[in-house]
Amino acid sequence: MTVGILALQGDFEAHARVLERLGVEWMYVKRPAELAGVDALILPGGESTTFLKFLERENFLDHLRRFADEGHALFGTCAGAILLAKEVTNPPQPSLGLVDVTVERNAYGRQVASAVRYGRSVLKEGAMEMVFIRAPVIRRVGPGVEVLAECDALPVAVEHGACLLSTFHPELTSDTTLHEHFLEMVRSREARQSRASA
Ligand code: GLN
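All of the points below concern the structure found in this document. None of these values were measured; they are calculated from a predicted model. (Residues numbered from 1 in each chain as written. Predicted model: local features only at pLDDT ≥ 70, side-chain atom pairs only at ≥ 80, totals over all residues. Heavy atoms only, no water.)

Side note on the site of the ligand
Part 1: Around the ligand lies a shell formed by G45, G46, E47, S48, C78, A79, I82, R105, N106, I133, R134 and H169.
Part 2: Backbone polar atom of G46 to an oxygen atom of the ligand: 2.9 Å apart, as the coordinates give it.
Part 3: The separation between a nitrogen atom of the ligand and a polar main-chain atom of R134 is 2.9 Å.
Part 4: Protein contact buries 96% of the 300 Å² of open area that the ligand shows by itself.
Part 5: Along the lines of polarity and charge, the residues of the shell around the ligand split into four nonpolar, five polar and three charged. (Near = heavy atom within 4 Å. Polar contact = N/O pair within 3.5 Å; in protein donor to acceptor, adjacent residues only side chain to side chain. Areas by Shrake-Rupley, 256 points an atom, 1.4 Å probe, with all protein chains shown as cover. Nonpolar A, V, L, I, M, F, W, Y, C, P; charged D, E, K, R; others polar.)

What follows is the structure, encoded as structure tokens:
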């Protein structure tokens with residue numbers, strides 16, 4: 001299993017360090033053709049508008065949609081989460097539309113734009129450390145979307161189909177819970193797919 005990390009912009013190196021720690025094969029993906037070499041894809045934090053500019057090249061967005069249609073798992077953190085969301089506000093912008101949530105960009109306001117907070121996740125006992133950097137807020141969660149973590153009474157990590165999304169940066173703390181959960185999602189999908197094609 002090889003996990004791709006979209007490496008156009010943002011904190012892709014931090015995700016690579018987490019995957020190294022977890023002993024997983026990974027590869028940076030900078031061009032659509034490289035999607036053929038990976039089983040799943042992480043979309044890192046950064047600036048979603050800048051991502052969109054890069055993704056205009058070679059119809060990268062369409063290639064990502066096809067990659068998802070083929071059943072591959074995707075994990076978006078912060079700006080990556082904005083790219084996965086069905087609807088984006090403040091201001092509206094295009095997205096992959098794979099996760100049925102509405103996210104409002106830069107919604108924590110200036111004073112508390114970036115902060116370390118502690119929330120709760122169904123994936124672990126005790127508090128989860130969460131780094132928010134000019135993060136979006138999930139304002140609407142559609143049916144079929146499972147909330148995996150909350151912070152200050154707001155959903156901050158959700159799962160929908162083959163997609164995992166977090167508005168904070170799990171790649172910037174030592175807590176690997178979300179990455180491990182994503183790897184489980186990838187493994188169970190791969191196992192199902194190989195059974196189906198057997
Ligand atoms: N504010 C950024 C955006 O709207 C996201 C910030 C981040 O990824 N840390 O795209």
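Points about the packing of aromatic side chains
Part 1: Tallied over the full model, the rule gives five aromatic pairs.
Part 2: Ring centres of F12 and Y28 lie 5.1 Å apart, and the angle between their planes is 80°; on these two criteria the pair is classed as edge-to-face. Taken together, the residues span a long stretch of sequence, with F12 in helix α1 (residues 12-21) and Y28 in strand β2 (residues 25-29) at a distance of 16 residues.
Part 3: Residue class for Y28 comes out partly exposed when judged on its relative accessible area of 25%.
Part 4: When the centroid spacing of 5.4 Å and the interplanar angle of 55° are considered together, the rings of Y108 and F132 count as tilted. Pair noted here: Y108 is in the loop between β6 (99-104) and β7 (114-121) and F132 is in strand β8 (residues 127-133), with a separation of 24 residues, a long-range link.
Part 5: With a relative accessible area of 15%, Y108 lands in the buried category.
Part 6: Through a chain of ring-to-ring contacts, the aromatic side chains of F12, W26 and Y28 assemble into a single cluster.
Part 7: Residue placement shows R117 over the ring face of Y108; its charged tip is 4.4 Å from the ring centre.
Part 8: Positioned over the ring face of F132 is R117, at 4.8 Å from the centre of the ring. (Phe/Tyr/Trp six-rings, centres within 6.5 Å; stacked < 30°, edge-to-face > 60°. Helix = DSSP H or I, 4+ residues; strand = E, 2+ residues; numbered from the N terminus. Buried < 20%, exposed > 50% of the residue type's maximum accessible area, 1.4 Å probe, protein only. Lys NZ or Arg CZ within 6 Å of the ring centre and 35° of its normal.)

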